[in-house]
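Each chain, written out:
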Amino acid sequence: MKAYGVNELRKMFLEFFESKGHLAMKSFSLVPHNDNSLLIINSGMAPLKPYFTGAEKPPRTRVTTCQKCIRTGDIENVGKTARHGTFFEMLGNFSFGDYFKHEAIAWSWEFLTKVVGLDPERLYPSIYENDEEAFEIWNKEIGIAPERIFRFGKEDNFWEHGAGPCGPCSEIYVDRGPEYGVEGGPIADENRYIEIWDLVFENYEVDNVKSKTDLHIVGELENKNIDTGAGLERLAYLMQGKQNIYETDEVFPVIEAAQKLSGRTYGDDEAMDVRFRIVADHVRSALMIMSDGVRPSNNGRGYVLRRLLRRTVKAMRELGVTDPVMPTLLPTSKAAMEPSYPELNDTFHDVSEAAYGEEDAFRRTLESGTEIFDLAVAKAKESGSDAVSGEDAFKLHDTYGFPIDLTREMVQEQDMTVDEDAFQELMEQQRVRARKAREALGDLAW
């Protein structure tokens, strides 16, 4: 098995599907276009929704992309697991009323086993619990033994994105080996058996989605679609023989730079390793979202960016670095990503100025508020409580600029919580006071 680089794997994937008649399209921006349902592009199919719903005609009935994505729903798991990252690239091949299950399954298997050279004995497919057609394809056409094909319910193997096309999934897992967990396939251990590819067979239409298990299916689609997604970083770390996505060739250079800044060595201490991995992930995410025009703010995607930058600075502080770090880390990430995205050079001057300014402001916030935070934690512990009071959390927010999510994260590291109800009550009182003050000032308030 060859240790392909990220850039190589991306190129191999797109060229493979071009050979199958697909149009290779460039990644869309991370900022959604004409889609108010999303804050940031979070999946490979998200920019292609108009083609799936029929609102727009696709440039070809077969399309392949490598799409930039950001997800922050699992941000607390970043650095702690092998596979969670905020920025990732999703490889995908899509059919709009063209081919269906037979081709999608056969081509995914061909790419993984013939093109990149994964051992077929290490691959385990899953199917939707009653998708007998997919089972027959995996069993009879691909040759997978029945006991290696796993059946999952709607929560895991049925996909929908609101009203419109939906359908069952078939996922492909890679066995990392006995050193990573127990045998038995993905149903036994998802740390050992890592999901590498999700094949969605869109053959139904829904008009009401209350939950994954409460779908109102209208009927079958006349034109059935294929929507697949393979995680590029996951594929890269498996091919490169690394332990996680943070050690791949496009991400690890930031960890190397953070080692030099901190004087610490990655691999010596797991708690510190988590910080290194947070830094590597978040710097790359911030770079990529800023290159698409987002700037730090207190709202929407600007706040997502602000949180990524602040978590980076905080993690480096926990590694012992109190001096500015972004002037070293951001150019390092740019150098690693530029071969894949040469357009990063065009925006880097403005991106770096905004990132460095945000770091300077947040460093002042940390310097002024950390001592107050420590006193709040000590006060709670002395009183026998495992929660920082709402009053202290509000003071940190109102006086020292500590956002509540930062306070939450810092108290979690102390195995404590925040009295959220009291905090929210004080925030509401502040909003009422501000509203009354504006009313009293009348036109002067503007």
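Up top is the structure these notes are about.
On a predicted model such as this, the values are computed, not experimentally measured, just so you know. Counting restarts for each chain, with residues numbered from 1 along the sequence as it is written. Note on the predicted model: pLDDT of at least 70 is required for a residue's local features to be given, and 80 or more for side-chain atom pairs to be given and counted; whole-chain, interface and lining totals, by contrast, use all residues. Only hydrogens and water are set aside when side-chain values are computed; all heavy atoms of the structure are taken into account.

### A few points about the pattern of salt bridges
Any two side chains of opposite charge can pair, on the condition that their charged atoms come close. A side-chain nitrogen of Lys or Arg and a carboxyl oxygen of Asp or Glu constitute a salt bridge if their distance falls within 4 Å. Applying the stated rule across the entire model yields 30 salt bridges. Between Lys20 and Glu110 there is a salt bridge, with the nearest N and O atoms lying 3.2 Å from each other. Residue Lys20 is found in the loop between helix H1 (6–18) and strand S1 (23–25), and its partner Glu110 is found in helix H3 (residues 101–115); the two are separated by 90 residues along the sequence. Only protein chains enter the calculation, and the probe is 1.4 Å; a residue is then buried if its accessible area is under 20% of its type maximum, exposed if over 50%, and partly exposed in between. Residue classification places Glu110 among the partly exposed residues on the basis of a relative accessible area of 29%. Numbering goes from the N terminus for both helices and strands, where a helix is a DSSP run of H or I of at least four residues and a strand is a run of E of at least two.

### Points about helix H6 (residues 232–239)
An α-helix turns once per 3.6 residues; consequently, residues spaced three or four apart project the same way. With respect to burial, H6 is a largely interior element, seven of its eight residues being buried. Among the residues of H6, Leu232, Glu233, Leu235, Ala236, Tyr237, Leu238 and Met239 are the ones counted as buried. Immediately downstream of H6, the backbone of Gly241 shows phi near 70 degrees, a positive value.

### Quick word on the nonpolar core
The nonpolar side chains of a soluble globular protein tend to be buried, and buried together. One finds Leu9, Phe111, Leu112, Trp138, Trp197, Leu235 and Leu329 to be the most contacted residues of the largest nonpolar core, which totals 89 residues. Counting residues per element, this core draws most heavily on helix H8 (residues 270–291), which supplies twelve residues. Contacts are assigned to residue pairs that have any heavy atoms within 4.5 Å of one another. Discounting chain neighbours no more than four positions away, the residues touching Leu112 are Gly117, Leu118, Leu123, Ile172, Ile196, Trp197 and Leu235. What is meant by a nonpolar core is a set of buried Ala, Val, Leu, Ile, Met, Phe, Trp, Tyr and Cys residues, joined one to another through side-chain atoms within 4.5 Å. Listed in part, the 22 residues of the second largest apolar core include Leu366, Ala393, Phe394 and Val411.

### What about the pairing of strand S3 (residues 87–96)?
The element S3 is largely enclosed, with a buried count of ten among its ten residues. The pairing criterion is simple: DSSP has to find at least two bridges between the two strands. Pairing between strand S2 (residues 62–70) and S3: nine bridges, direction antiparallel. Each bridged residue has a counterpart across the sheet, and for Thr65 the counterpart in S3 is Gly92.

### Thoughts on the layout of surface pockets
For each structure, a 1 Å grid was placed over the protein atoms alone; sets of points admitting a 1.4 Å probe that cannot get out are labelled cavities, open sets with protein on both sides within 12 Å along at least five of seven lines are labelled pockets, and lining residues have an atom within 4 Å of a point. Grid points are joined across faces, edges and corners, and a volume is the space filled by probe spheres set on the points. Of the volumes computed, that of the largest pocket is approximately 1200 Å³. Lining the largest pocket are 44 residues, with Arg71, Met90, Glu195, Asp198 and Arg234 positioned closest to its centre. Elements supplying a minimum of two residues to the lining of the largest pocket: S3, helix H5 (154–157), strand S6 (158–160), strand S7 (164–175), strand S8 (193–211), strand S9 (214–231) and H6. With seven residues, the single largest contributor to the lining of the largest pocket is S8. Across the lining of the largest pocket, the residue classes tally to 20 nonpolar, ten polar and 14 charged. The calculated volume of the second largest pocket comes to roughly 360 Å³. Contributing elements (two or more residues each) for the lining of the second largest pocket: H1, S2, H8 and helix H11 (344–382). All amino acids are sorted into three groups, where Ala, Val, Leu, Ile, Met, Phe, Trp, Tyr, Cys and Pro are nonpolar, Asp, Glu, Lys and Arg are charged, and the leftover types, Gly among them, are polar. Looking at the lining of the second largest pocket, its residues break down into eight nonpolar, five polar and seven charged.

### Regarding the state of the cysteines
A covalent bond bridging the sulfur atoms of two cysteines is what the word disulfide describes. For the purposes of this analysis, a disulfide is any pair of cysteine sulfur atoms at a distance within 2.5 Å. Following the criterion strictly, the structure yields zero disulfides and no others. Free cysteine: Cys66, not disulfide-bonded; nearest cysteine sulfur from Cys69 at 8.4 Å.

### Quick look at a negative patch on the surface
On the surface, Glu391, Asp419, Asp421 and Glu425 cluster together to form a negatively charged patch. Position of Glu425 among the secondary structure elements: in helix H14 (residues 420–441). For patch detection, residues must exceed 30% relative accessible area and be free of salt bridges, and they are connected within 9 Å for like charges or within 5 Å for nonpolar side chains (Val, Leu, Ile, Met, Phe, Trp, Tyr). Calculation of accessible area relied on Shrake-Rupley with a 1.4 Å probe; when residues are assessed, cover is drawn exclusively from the protein chains displayed. None of His or the chain ends enter the tally, which takes Lys and Arg as positive and Asp and Glu as negative. Positions of charges follow a simple convention, taking NZ of Lys, CZ of Arg, CG of Asp or CD of Glu.

### Topic: unusual backbone geometry
Positioned with a positive phi, Asn34 is a non-glycine residue whose angle comes to about 55 degrees. Inspection of the secondary structure puts Asn34 in the loop between S1 and helix H2 (49–53). Its relative accessible area of 72% is what places Asn34 among the exposed residues. The phi angle at Asp415 is positive, at roughly 60 degrees, despite the residue not being glycine. Examined against the element boundaries, Asp415 turns out to sit in the loop between helix H13 (404–412) and strand S11 (417–418). A residue is classified by how much of its surface remains accessible, and Asp415, at 72% relative accessible area, is exposed.

### Details of empty space enclosed by the protein
For the structure on display, the rule yields three cavities of 30 Å³ or more. The calculated volume of the largest cavity comes to roughly 70 Å³. Tyr303, Arg307, Arg310, Arg311, Lys314, Phe362, Pro403, Asp405, Leu406 and Glu409 together form the lining of the largest cavity. Of all elements in the fold, only helix H9 (300–318) and H13 reach the threshold of two or more residues within the lining of the largest cavity. Looking at which element gives the most residues to the lining of the largest cavity, the answer is H9, with five residues. Among the residues making up the lining of the largest cavity, the classes are represented as four nonpolar, no polar and six charged.

### Considerations on the packing of aromatic side chains
A pair of aromatic rings is counted whenever rings of Phe, Tyr or Trp (Trp by its six-membered ring) have centres within 6.5 Å, and the orientation is called stacked for planes under 30 degrees apart, edge-to-face for over 60 and tilted otherwise. Following the criterion strictly, the structure yields 19 aromatic pairs and no others. Considering the side-chain rings of Phe111 and Trp197, the 6.1 Å spacing of their centres and the 90 degrees angle between planes classify their relative orientation as edge-to-face. One end of the pair, Phe111, is in helix H3; the other, Trp197, is in strand S8, with 86 residues separating them in the sequence. Like Trp197, Phe111 is buried.

### Structural notes on helix H7 (residues 252–262)
Residues of H7 that are buried include every one of Val254, Ile255, Ala257, Ala258, Gln259 and Ser262, and no others. As for H7, its buried residues are in contact with H8, H9 and helix H10 (326–337). One or two residues past the end of H7 sits Gly263, with phi positive at roughly 75 degrees.

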